[in-house]
Amino acid sequence: EKGGWSSFMAKEVSEEPDAVANTVRGRIHDGAVVIPELDGLDDLFRGIHRILVIACGTAAYAGQVGKYALEQWARVPVDVELAHEFRYRDPVLDSGTLVVSISQSGETMDTLMAVKYARERGAKTLSICNTQGATIPRESDAIVYTHAGPEVAVASTKAFVAQITALYLLALHVGRVRGVLSEGDSAQAVAELEGVADKIAWILTHEQERTTQLARWMADTRSVLFLGRHVGFPIALEGALKLKEISYIHAEGFAAGELKHGPIALIEPGQPVFVIVPSPVFSPLLHDKVVSNIQEIRARGARVIVIAEEGDAAVLPFADEVLRIPLAGPLFEPLLAVVPLHIFAMGLAEAKGLDVDQPRNLAKSVTVE
Ligand code: F6R
């Protein structure tokens, strides 16, 4: 079933372009998002005043990325909550809250219990799920399936990019239904979304080998930090989680702006730091701020590995390594920047001789609370 691949994870990373393309397929007509599963829910989308995203682990990071898109395109305030934290306080819920759960397996007990709890308290629930007929979608009022195909490796990769894609489709749909997103802005975002699969394929073709080589050189590393900003922040968290999970290396992700509030104290000579650099074309202000963060950590001896857009020359003087991603419009970078991080975690675990598909102490689907 692995085909010619060394692991399911390697196969599934190679399927990231398809995961995005298949999740988009059949949901775009004449440049507009059409999600047949959401027919008849227009009044619901018009009536909500809040969206609460509930998920665990990697799926929760997809939710954090989706928050930016939902707020920008659908103009609804969004909170993202870890499912296991959610129902152990007294959360405020009403019929104007749409609870969006995200789960690859659709069986994660923490997420399932949170969805049930929300439903019992009058919230409407929508499930983003990769597994047809799983328990969480069955317990929800509406379903948007991701079409990443079965994911076997414990570490979630192709499902993650498919989850972000589904959230973007949802955000564009809800924005149009609520009348807050123009046809032109929607069409532009749709065109970007349709281009993402090819851009991920470009990364796999052009940067996979170099990224894997870098991971091999770093096989003895004891700690890696990840910095990102805006939509790059959840990607930094995802990069750190994947590295911990399959290579057993200490890793932490930070919002780049937090550096000076504490984490910069961790920087000592030789400390590897991945930095996800915002687009100089689309986010020049954030780009410059992140470049100055890079200068600050570099001055303290960090070994800086940047993930930057093709053509971004401003990062070159300060970077020890540069991994390139294609130019992408605002909000679309996370779907690209995460790919080298998945490749890196996998390469490092392989270099350490570990089983990347079955990391210790973990199960693919966590069906206990
Ligand atoms: C990390 C990973 C986990 C899952 C989490 C939720 O690589 O795979 O963090 O994302 O356990 O699982 P699902 O999406 O099945 O609810």
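Residues numbered from 1 in each chain as written. Predicted model: local features only at pLDDT ≥ 70, side-chain atom pairs only at ≥ 80, totals over all residues. Heavy atoms only, no water.

The name given to the protein in an unreviewed UniProt entry is Glutamine--fructose-6-phosphate aminotransferase [isomerizing], and the organism recorded there is Microbacterium protaetiae. Word for word, the UniProt comment on the protein under Catalytic activity (unreviewed entry) is "D-fructose 6-phosphate + L-glutamine = D-glucosamine 6-phosphate + L-glutamate". What UniProt records for the protein under Subcellular location (unreviewed entry) is the sentence "Cytoplasm". (UniProt positions renumbered as here; feature names shortened; annotations may be inferred.)

Caption draft 1: Inspection of the pairing of strand E11 (residues 303–309) at higher detail. Within E11, six of the seven residues are buried, which leaves the element mostly enclosed by the surrounding structure. Pairing of strand E10 (residues 272–276) with E11, which is carried by five bridges, proceeds in the parallel orientation. The residue of E11 that forms the bridge with Phe-274 is Ile-305. One crossover worth recording links E10 to the parallel E11 by way of helix H12 (residues 284–299), and it is right-handed. (Buried < 20%, exposed > 50% of the residue type's maximum accessible area, 1.4 Å probe, protein only. Helix = DSSP H or I, 4+ residues; strand = E, 2+ residues; numbered from the N terminus. Pairing = 2+ DSSP bridges. Right-handed = clockwise from strand over helix to strand, strands pointing away.)

Caption draft 2: Fine view of the sheet that holds strand E7 (residues 142–145). Strand order in the open sheet formed by five strands is E4-E3-E5-E6-E7, and the pairing between neighbours is parallel. Looking at strand neighbours, the two that pair on one side only are strand E4 (78–82) and E7, the edges of this open sheet. Pairwise comparison of adjacent strand axes, ignoring direction, gives a mean angle of 20° for this sheet. One ladder, built from five bridges, connects strand E3 (residues 50–55) with E4; its direction is parallel. Bridge pairing in E4 places Ile-54 opposite Glu-81. Along the sheet, helix H6 (residues 109–120) makes contact with E3, strand E5 (97–103) and strand E6 (124–129), crossing E5 at roughly 165°. (Axes fitted to C-alpha atoms, helices over the stretch in contact; angles between N-to-C directions. Contact = heavy atoms within 4.5 Å.)

Caption draft 3: Region of the structure containing the nonpolar core. Counting residues in hydrophobic clusters, the biggest one holds 96 residues, and the most contacted among them are Trp-73, Leu-126, Tyr-168, Phe-274 and Phe-332. Broken down by element, the residue count for this core peaks at 13 residues, all from helix H8 (residues 158–177). Setting aside chain neighbours within four positions, we find Trp-73 in contact with Tyr-168, Ala-171, Leu-172, Gly-175, Val-180, Leu-181, Ala-189, Leu-331 and Phe-332. Residues Val-290, Val-291, Ala-302 and Val-315 belong to the second largest nonpolar core, which totals 21 residues. (Core = buried A, V, L, I, M, F, W, Y, C linked by side-chain atoms within 4.5 Å.)

Caption draft 4: Local environment of the site of the ligand. Within the structure, the ligand sits among 14 residues, and Ser-103, Gln-104, Ser-105, Thr-108 and Glu-245 are positioned closest to it. Contact distances for the ligand include 2.7 Å between an oxygen atom and a side-chain N or O atom of Lys-242. Here an oxygen atom of the ligand and a side-chain polar atom of Glu-245 are 2.7 Å apart. Burial of the ligand by the protein chains amounts to 89% of its free accessible area of 410 Å². Mapped by element, the contributors of at least two residues to the shell around the ligand are helix H4 (57–74) and helix H11 (232–247). (Near = heavy atom within 4 Å. Polar contact = N/O pair within 3.5 Å; in protein donor to acceptor, adjacent residues only side chain to side chain. Areas by Shrake-Rupley, 256 points an atom, 1.4 Å probe, with all protein chains shown as cover.)

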